[in-house]
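Reading the structure
Spelled out, the chains give:
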Amino acid sequence: PKVKPVADDEMFKVMRTGSKKNKAWKRVVTKCTFVGDNFTRKAPKYERFIRPTGLRMKRANVTHPELKTSFQLDILGVKKNPSSSLYTNLGVLTKGTIIEVNVSDLGLVTTSGKVAWGKMAQVTNNPELDGCVNAVLLV
C-alpha cells in the first residue's frame with residue numbers, strides 16, 4: 001500500500017507536567033501501539049513517551065494472499081515502521097508497518113519441514129480510525 005509519512009506533531013501530543021504545568025518534555029502517543037506481554041511502564045515521573053492502554057493492540061486480522069482467508073493472530077512485535085525508526089522502537093502501528101505475527105496455529109511448514117512460528121505481515125489499514133489491525137501476510 002501507499003504509505004505517507006506521519007509527522008511528529010500528528011503522532012504525539014505534548015503533556016505538560018509540574019505544579020505550574022510549565023514542563024513540556026513528555027509526549028502521549030496518539031496512534032495505536034503494540035507492547036509485549038512482559039511490558040512494564042516506567043514510573044510516571046521518568047516516562048517520556050506514554051502509550052495509552054486504550055490504544056494498545058494485541059491481535060491482528062491477517063489475510064493469507066494465496067488461501068484468500070483471514071485469521072485473527074497474535075502480534076509478536078513491530079519489525080519496521082516506514083515513517084520513522086523511533087516509531088518502530090515505540091511499537092507504533094500505522095499503515096504500511098511490518099509486524100511479526102504468530103502463525104503456529106495455522107500449521108504452515110517451512111521448506112525444511114519445521115512448523116513456522118512467526119511470519120511477517122504488512123498493515124493495510126489505519127488502525128486508529130478502525131479500532132483494529134488488518135494486515136496481509138508476506139509470503
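The preceding data block contains the structure.
Residues numbered from 1 in each chain as written. Predicted model: local features only at pLDDT ≥ 70, side-chain atom pairs only at ≥ 80, totals over all residues. Heavy atoms only, no water.

Now for the pairing of strand 7 (residues 118-123). A regular strand places its side chains so that they alternate between the two faces of the sheet. Two elements, strand 6 (residues 98-102) and strand 7, share five bridges in a ladder whose sense is antiparallel. Within the sheet, the bridge partner assigned to Glu-100 lies in strand 7 and is Met-120. The pairing of strand 7 with strand 8 (residues 134-137) spans three bridges and is classified as antiparallel. When the sheet's bridge partners are listed, Val-123 is paired in strand 8 with Ala-135. (Pairing = 2+ DSSP bridges. Helix = DSSP H or I, 4+ residues; strand = E, 2+ residues; numbered from the N terminus.)

The subject of this paragraph is the layout of surface pockets. Taken as a whole, the largest pocket holds about 170 Å³ of empty space. If you trace the largest pocket, you find it lined by Lys-2, Val-3, Lys-4, Val-6, Glu-10, Lys-31, Ser-83, Thr-94, Lys-95, Asn-126 and Glu-128. Across the lining of the largest pocket, the residue classes tally to two nonpolar, three polar and six charged. (1 Å grid on protein atoms, 1.4 Å probe; cavity = no way out; pocket = protein on both sides within 12 Å on 5 of 7 lines; lining within 4 Å. Points joined across faces, edges and corners; volume = space filled by probe spheres on them. Nonpolar A, V, L, I, M, F, W, Y, C, P; charged D, E, K, R; others polar.)

Turning our attention to the sheet that holds strand 3 (residues 49-50). Overall, mixed pairing links the three strands, which are arranged 1-2-3 in an open sheet. The sheet terminates laterally at strand 1 (12-17) and strand 3, the two strands that pair on one side only. Bridging between strand 1 and strand 2 (residues 23-29) involves five bridges; their strand directions are antiparallel. Bridging from a neighbouring strand, Lys-13 pairs with Val-28 of strand 2.

The final tally for this structure, using the stated rule, is zero disulfides. Here Cys-32 is not disulfide-linked; the sulfur of Cys-132 is the nearest cysteine sulfur, at 9.0 Å. In this structure Cys-132 comes out as partly exposed when scored by relative accessible area, which is 27%. (Disulfide = S-S within 2.5 Å. Buried < 20%, exposed > 50% of the residue type's maximum accessible area, 1.4 Å probe, protein only.)

Within the largest apolar cluster, 18 residues are counted, with the highest numbers of intra-cluster contacts made by Val-62, Leu-93, Ile-99, Val-101, Ala-121 and Val-133. Counting only elements with at least two residues in this core, the list comes to strand 4 (59-64), strand 5 (69-80), strand 6, strand 7 and strand 8. Per element, the largest residue contribution to this core is three residues, and it comes from strand 5. Counting seven residues, the second-largest nonpolar core is a separate cluster that includes Phe-12, Val-29, Tyr-87 and Leu-90. (Core = buried A, V, L, I, M, F, W, Y, C linked by side-chain atoms within 4.5 Å.)

By themselves, these figures tell us nothing about what the structure is for.
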